[in-house]
Amino acid sequence: MAGQQQPPVDAVAKDPHWARKMERLRARRLAERPVVFCDDDDAKARVTAATIELVTARAAARTAADDQQVPDDDRDRWVEEHALVVIAKSALAAATAALEVVTISLVFRALPRPAWAALLEAHAPSEEQAGLGMEYDVDSFPAALVAACHVERDEHGVEVDGMSVEDAQSLLDEWSEADARLLFTAALTVNQTLRGDLGKG
């Protein structure tokens, strides 16, 4: 209609741009942090030894490549296909697979801010703890946080029921101080550590 004021061109262009960016922001996934536990020192030692063997095999293959004057363009492929390297890589793969079998991996996911705040409120520190600068009840909060942040997936990657508060409390009570601290710290830091991409882009 003649005389009707039109919206500024910049505003029209900005709306879909911001909508797309907001959609991407909402699609961001909460941070996750894995922690692993392995009590089989022999399995870990075999992986270390196999890794050293692979480094040694590659060094020997590079020396052989020099002796045979392998062209630079073919050198990397030649080294990786050298019999010593192929055998060493196979041994490392086998040792790594064996280590994975005896390793327990737990994954923790950051809580949305309201859920984090609600958990802190539900496990507020006692007057004595607050006087010592504590932000939460040191007796009940660790197990509650570990259970709330734990993410369990089946063999297809589908999320399933994971650790209960009772499960978490039993681990914190039965494990050594060092292992219990590692468990709690993994759940705590995923909620408190800034992502590495902050300020970039």
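Before reading on, note that the structure itself is shown above.
Residues numbered from 1 in each chain as written. Predicted model: local features only at pLDDT ≥ 70, side-chain atom pairs only at ≥ 80, totals over all residues. Heavy atoms only, no water.

Asks: Would you explain helix 8 (residues 165-174) in this entry?
Replies: Side chains of residues three or four places apart in an α-helix project in the same direction, reflecting 3.6 residues per turn. When we look at burial in helix 8, the residues that qualify are A168, L171 and L172. An end-on view of helix 8 places all buried positions within 95 degrees of arc, on one side of the element. The exposed set on the far side of helix 8, more than 90 degrees from its buried face, consists of E166, D173 and E174. Close packing links the buried residues of helix 8 with helix 7 (141-149) and helix 9 (177-192). (Buried < 20%, exposed > 50% of the residue type's maximum accessible area, 1.4 Å probe, protein only. Helix = DSSP H or I, 4+ residues; strand = E, 2+ residues; numbered from the N terminus. Arc of directions from axis to C-beta. Contact = heavy atoms within 4.5 Å.)

Asks: How should I be thinking about the nonpolar core in this particular structure?
Replies: As a rule of thumb, soluble globular proteins bury nonpolar side chains together. In this structure, F108, F141, L145 and L183 are the most contacted members of the largest nonpolar core, which totals 29 residues. Elements that contribute at least two residues to this core include exactly strand 1 (32-37), strand 2 (104-109), helix 5 (113-122), helix 7, helix 8 and helix 9. Setting aside anything within four residues of it in sequence, one finds F108 in contact with A31, E32, R33, V35, V146, C149, H150, L183, A186, A187 and V190. C38, L54, A65 and V85 belong to the second-largest nonpolar core, a separate cluster that totals 15 residues. (Core = buried A, V, L, I, M, F, W, Y, C linked by side-chain atoms within 4.5 Å.)

Asks: Explanation requested: the pattern of salt bridges in the structure shown.
Replies: A side chain of one charge can pair with a side chain of the opposite charge when the charged atoms of the two come close. In the structure shown here, the tally under the stated rule is 10 salt bridges. A salt bridge links E80 to R58, with the nearest nitrogen and oxygen atoms 2.8 Å apart. Residue E80 is found in helix 3 (residues 72-80), and its partner R58 is found in helix 2 (residues 41-67); the two are separated by 22 residues along the sequence. Among the residues examined, E80 registers a relative accessible area of 26% and is labelled partly exposed. For D66, the salt bridge is made with R75, and the minimal N-O distance between the two is 2.7 Å. Its relative accessible area of 48% is what places D66 among the partly exposed residues. (Salt bridge = Lys/Arg side-chain N within 4 Å of Asp/Glu carboxyl O.)

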